[in-house]
Amino acid sequence: MKKFLLFIGGLTALAIVVANLGPMVLLGISVWLLYLIFKQFVKVDSTLMKCGWVIVGFVVLSIAVANIYAIIGVVAAYGLYLIVKEWKVKKVAQDEKNENDPFTNFEKQWAELTK
């Protein structure tokens with residue numbers, strides 16, 4: 001039952017990530033552009049150029065604010081990561097459980113002896 005719920009949760013998270021992929025890309029690009037604009041703003045000495053960079057920064061900031069709901073997609077991607085991680089941990093734990101099984105070990109040792 002738990003694997004089924006993990007599967008349904010993963011499917012839901014994947015759908016949310018795919019639905020918000022475009023806004024997530026635009027949000028990432030706008031944050032990167034804001035960083036570059038800030039670096040240019042700090043470099044410039046002219047007041048007129050600083051005003052120009054502030055105006056460009058506000059335009060890019062409005063793009064970032066318009067795509068702020070992409071954070072839902074980022075949270076869903078993190079949830080998907082946790083679900084996949086949990087799924088793999090359970091699989092590894094099950095494999096370790098099988099290795100500790102005395103019958104499995106006997107068969108491995110028997111195969112080594114008969115070589």
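Here the structure is shown first, and the text comes after it.
First, a word on scope: everything that follows refers to the structure included in this document. Please read all numbers here as calculations on a predicted model, not as lab measurements.

Topic: the overall build of the chain
Thought 1: Scanning the chain from N- to C-terminus turns up 5 helices and 0 strands.
Thought 2: In sequence order, the chain lays out its α and β elements as α-α-α-α-α.
Thought 3: A total of 115 residues make up the chain; the buried ones form 16% of that total.
Thought 4: Restricting the contact set of the chain to residue pairs at least 6 apart, pairs at least 24 apart contribute 73%.
Thought 5: For the chain, the exposed area adds up to about 9,000 Å²; of that, 73% sits on carbon and sulfur atoms.

Digging into the packing of aromatic side chains
Remark: the centre distance and the inter-plane angle together describe each pair of aromatic rings, the angle taken between the planes.
Thought 1: Following the criterion strictly, the structure yields 1 aromatic pair and no others.
Thought 2: Its guanidinium or amino end placed over the ring of Phe41, Lys50 lies 4.5 Å from that ring's centre, counting from NZ or CZ.

A look at helix α1 (residues 2-19)
Thought 1: Taking 1.5 Å of rise per residue, the 18 residues of α1 would be expected to cover 26 Å, and the 26 Å separating its terminal C-alpha atoms lies within 8% of that figure.
Thought 2: Of the positions making up α1, those classed as buried are Leu6, Gly10, Ala13 and Val17. The buried residues of α1 occupy one face: seen down the axis, they fall within an arc of 70 degrees. In α1, the exposed positions angled more than 90 degrees off the buried face are occupied by Phe4, Leu5, Val18 and Ala19.

A word on the side chain of Ser30
Thought 1: Note on placement: Ser30 falls in helix α2 (residues 21-43).
Thought 2: What makes Ser30 buried here is its relative accessible area of 3%.

A short note on α2
Thought 1: With 23 residues, α2 extends 33 Å between its outermost C-alpha atoms, agreeing within 8% with the 33 Å of an ideal straight helix rising 1.5 Å per residue.
Thought 2: Buried residues of α2: Pro23, Leu27, Ser30 and Ile37, and no others.

Considerations on the packing of α2 against helix α3 (residues 47-66)
Thought 1: Direction vectors running N to C along α2 and α3 enclose 165 degrees, while the axes themselves pass 9 Å from each other. The angle between the axes of α2 and α3 places the two elements in the roughly antiparallel class. Seen from above, α2 lies across α3 with left-handed handedness. The residues of α3 that touch α2, namely those facing Leu27, Ser30, Leu33, Leu34, Ile37, Gln40 and Phe41, are Lys50, Trp53, Val54, Val56, Gly57, Val60, Leu61, Ile63 and Ala64.
Thought 2: A class-by-class count of the residues in the contact of α2 with α3 yields 12 nonpolar, 3 polar and 1 charged.

Section: a nonpolar patch on the surface
Thought 1: A cluster of nonpolar side chains, contributed by Met1, Phe4, Leu5, Phe7, Ile8, Leu11 and Trp87, occupies part of the molecular surface with about 750 Å² of accessible area.
Thought 2: Top contributing element to the nonpolar patch by residue count: α1, with 5 residues.
Thought 3: Counting through the fold element by element, Leu11 comes out in helix α1.

The rules behind each value
Residues numbered from 1 in each chain as written. Predicted model: local features only at pLDDT ≥ 70, side-chain atom pairs only at ≥ 80, totals over all residues. Heavy atoms only, no water. Helix = DSSP H or I, 4+ residues; strand = E, 2+ residues; numbered from the N terminus. Buried < 20%, exposed > 50% of the residue type's maximum accessible area, 1.4 Å probe, protein only. Contact = heavy atoms within 4.5 Å. Areas by Shrake-Rupley, 256 points an atom, 1.4 Å probe, with all protein chains shown as cover. Phe/Tyr/Trp six-rings, centres within 6.5 Å; stacked < 30°, edge-to-face > 60°. Lys NZ or Arg CZ within 6 Å of the ring centre and 35° of its normal. Expected span 1.5 Å × (residues − 1). Arc of directions from axis to C-beta. Axes fitted to C-alpha atoms, helices over the stretch in contact; angles between N-to-C directions. Parallel < 35°, antiparallel > 145°, perpendicular 65-115°, else oblique. Left-handed = near helix turned anticlockwise from the far one by under 90°. Nonpolar A, V, L, I, M, F, W, Y, C, P; charged D, E, K, R; others polar. Patch = residues over 30% accessible without salt bridge, like charges linked within 9 Å, V, L, I, M, F, W, Y side chains within 5 Å. Salt bridge = Lys/Arg side-chain N within 4 Å of Asp/Glu carboxyl O.

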